[in-house]
Amino acid sequence: MLVLGIETSCDETGVALYDTGRGLLGHALHSQVAMHADYGGVVPELASRDHIRRVLPLTREILAKAGCTLPDLDAIAYTEGPGLAGALLVGASIAHGLGYALGKPVLGVHHLEGHLLSPLLSHPAPDFPFVALLVSGGHSQLMQVGGVGDYQLLGESHDDAAGEAFDKTAKLLGLNYPGGPALARLADSGKPGRFKLPRPMLTQLAKTGDLNFSFSGLKTAVLTLVNQQPADDKTRADIAAEFQAAIVDVLVAKALAAMEQTGLSRLIVAGGVGANRLLRERLTASARSQGYRVFYPELEFCTDNGAMIALAGALRLEHSSLITHHSSLKRSFTVRPRWDLASIETPTPA
Ligand code: KG4
Ligand code: ZN
C-alpha cells in the first residue's frame, strides 16, 4: 500500500511516500525558518500561505524521484491536528482534493502519533510495547505505547513544553528564532554548575513517582539570572549550559522512572528536542546502565516532517478496516488545532 503523507501543522511543509512493503520511498521538506526569522517566531498567516505554495511542487518532486505517479497512490494521509488552524487547513484541503480527484481514501493523522511512531522509520526499529518520551515545541509527554493507536499517557507538562522552554529561554539570552538548536550550540561553549538552576518536579518524582513536568519556572529563574548578571558571552554560555543540563536531568530522570514503573525495556525518544545531543548522550548512557534500549528517529525525522505522517497513516490503514470503509467521496473535513492524543481511536482490525 502506497501512502502520500502531508505535514503542514506549523512552519515546515513535509511530504513523503511510504509503502507498507518497501518502506520510505521518498520525502521532501521545506522549512519556513528563514521567512519567520525576521518576526522572531512563526507568523500563522505567512505559514499557511507558504504551505499553499509548497505542497504540490514538493509532492511532484518526490513522486518523480520515486518513479511513481499520482494514480499509483493507494491513500493520502495528512496532519489533522494539533497545530495552527490555517496551516492545518492547507494540508487537509489538498489531501482531500487529491483524494476526491483520484478516488482514493484520505486519512487525518494526529501529529503526535506521527512523532511517536517516527523511530519505526529507523533500522533497527523498536518492537511494541515501548515507552515514548515525546518532547517537541508544543508537547512534553511520557506515553506507554502498546501498538498502533494504543497510547496511555504516563505524564505531561503542566505548563511549557520542553521545546517551548528552550525557545523562550533562548530569547532571554538574545538568541534568534528558532531558539532550541541555537541555545544548544551556545550551551556547548559554556559550563553547567557556575550558576544553579532548579530541576523542576524531581522532588515529586522521588516522593510519589509523579511523571509530570513543569518547565515555566526554569525560564523565570533564567530571567532572574539574566537580569542579575553581566551580559558577556561567557556568562550567557554558562547560563545556557546550566539550563540545558537542568532540562536534560529532568527528562532523563522521568524517562527512566517511566521505564521502571511500566516494567518495559524499550524507550523511544521523539519530537524536536529529541535532536538535542546532550539529551541523547545522557539518555543512552543512563538507559544502558539499567539494561534498557533507547531508539531515536534519524535527526531529520526528529523535527516535523512528512515521513512520520505517511508512516502513521500507512500503519493505521494497515491495521484497520478504514481503507475499505472510508469513503473517498466524502466532501466535508475538519482540522483539530487542539487534539488530545490519548483520545484518538485505536484502529479496528479489518
Ligand atoms: O517536533 P518539532 O519539530 O515541532 C513541534 O511539533 O513542536 O519540535 C520543535 C522544537 C522547538 O521548540 C525547537 O526549539 C526544539 O524542538 N529543538 C531543539 C533542538 N532542535 C529542535 N531543542 C533543543 N535542542 C535541539 N538540538
Ligand atoms: Zn512536531
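In the block above lies the structure referred to throughout.
About the thresholds
- Residues numbered from 1 in each chain as written.
- Chains lettered and ligands numbered in written order.
- Predicted model: local features only at pLDDT ≥ 70, side-chain atom pairs only at ≥ 80, totals over all residues.
- Heavy atoms only, no water.
- Donors = N, O, S within 2.8 Å, 3.2 Å for Na, K, Ca; no water.
- Tetrahedral: all angles 85-135°; square planar, octahedral: opposite > 155°, others 65-115°.
- Helix = DSSP H or I, 4+ residues; strand = E, 2+ residues; numbered from the N terminus.
- Buried < 20%, exposed > 50% of the residue type's maximum accessible area, 1.4 Å probe, protein only.
- Disulfide = S-S within 2.5 Å.
- Core = buried A, V, L, I, M, F, W, Y, C linked by side-chain atoms within 4.5 Å.
- Contact = heavy atoms within 4.5 Å.
- Pairing = 2+ DSSP bridges.
- Near = heavy atom within 4 Å.
- Polar contact = N/O pair within 3.5 Å; in protein donor to acceptor, adjacent residues only side chain to side chain.
- Areas by Shrake-Rupley, 256 points an atom, 1.4 Å probe, with all protein chains shown as cover.
- Nonpolar A, V, L, I, M, F, W, Y, C, P; charged D, E, K, R; others polar.
- Axes fitted to C-alpha atoms, helices over the stretch in contact; angles between N-to-C directions.

Novice: Explain the coordination of the zinc ion (ligand 2) to me, please; I cannot follow it from the model alone.
Specialist: Four donors placed tetrahedrally about a metal ideally form angles of 109.5 degrees, and six donors placed octahedrally ideally form angles of 90 or 180 degrees. Donor atoms from the polypeptide that coordinate the zinc ion (ligand 2) comprise His111 (NE2), His115 (NE2) and Asp304 (OD), at 2.0 to 2.1 Å from the metal. Note that the zinc ion (ligand 2) binds four donor atoms; their angles at the metal cover 96 to 138 degrees, and the shape is irregular. The sequence pattern formed by the donor residues of the zinc ion (ligand 2) is H-x3-H-x188-D. A residue pair is termed long-range when its members are at least 10 positions apart, and His115 in helix α4 (residues 111-117) and Asp304 in the loop between β10 (293-295) and α11 (307-318) qualify at 189 residues. Note on accessibility: His115 and Asp304 belong to one class, buried.

Novice: Which parts of the structure should I look at to understand the state of the cysteines?
Specialist: Note on terminology: a disulfide is the covalent bond linking the sulfur atoms of two cysteines. Tallied over the entire structure, the rule returns zero disulfides. Residue Cys302 stays outside any disulfide, its sulfur separated by 16 Å from that of Cys10, the closest cysteine.

Novice: What should I look at first to understand the nonpolar core in this one?
Specialist: Generally speaking, soluble globular proteins have nonpolar side chains that are buried together. Grouped together as the largest cluster of nonpolar side chains are 50 residues, with contacts concentrated most on Leu133, Phe215, Phe243, Leu279 and Leu283. With 16 residues, the single largest contributor to this core is helix α9 (residues 233-262). Contacts of Phe215, omitting those with residues within four sequence positions, involve Ser140, Ser157, Asp159, Asp160, Ala161, Ala162, Ala165, Ile247, Val250 and Leu251. Grouped together as the second largest cluster of nonpolar side chains are 35 residues, Leu121, Phe295, Leu315 and Ile344 included.

Novice: Please clarify how the pairing of strand β2 (residues 12-19) should be interpreted in this entry.
Specialist: Successive residues of a regular strand alternate their side chains across the two faces of the sheet. In terms of residue burial, β2 counts as a mostly covered element, since eight of its eight residues are buried. What you see with β2 is no split at all: Glu12, Gly14, Ala16 and Tyr18 on one side and Thr13, Val15, Leu17 and Asp19 on the other are buried throughout. Strand direction decides the pairing type here: strand β1 (residues 2-7) and β2, joined by six bridges, are antiparallel. Paired with Gly5 across the strands is Ala16, a residue of β2.

Novice: Would you take a moment to explain the site of ligand 1 for this structure?
Specialist: Taken together, the neighbourhood of ligand 1 is formed by 19 residues, with Gly137, Asp167, Gly272, Asn276 and Asp304 sitting nearest. One of the side-chain nitrogen or oxygen atoms of His115 is found 3.1 Å away from an oxygen atom of ligand 1. The backbone of Gly137 places a nitrogen or oxygen atom 2.7 Å from an oxygen atom of ligand 1. Coverage of ligand 1 by the protein amounts to 85% of the 550 Å² it exposes when considered alone. In terms of residue class, the shell around ligand 1 is made up of six nonpolar, eleven polar and two charged.

Novice: Explain the environment of Cys302 to me, please; I cannot follow it from the model alone.
Specialist: Looking at the element boundaries, Cys302 is found in the loop between β10 and α11. Taking C-alpha positions, Cys302 is 23 Å from Leu89, a pair spaced 213 residues apart along the chain. With residues up to four places along the chain from it excluded, the contact list for Cys302 reads His115, Gly271, Gly272, Gly274, Ala275, Arg280 and Pro297.

Novice: Quick question: what am I supposed to make of the sheet that holds β10 here?
Specialist: Paired through backbone hydrogen bonds, the strands of a sheet run either parallel or antiparallel to each other. Overall, mixed pairing links the five strands, which are arranged β8-β7-β6-β9-β10 in an open sheet. One side of each edge strand has no neighbouring strand; the edge strands of this open sheet are β8 (150-156) and β10. With direction set aside, neighbouring strand axes in the sheet form an average angle of 25 degrees. As judged from the three bridges shared by strand β9 (residues 266-270) and β10, these two strands associate in the parallel manner. Opposite Arg266, over in β10, you have Arg293 as the bridge partner. Contacts from α9 reach β6 (130-135), β7 (140-147), β8 and β9 within the one sheet, and its direction differs from that of β6 by about 155 degrees.

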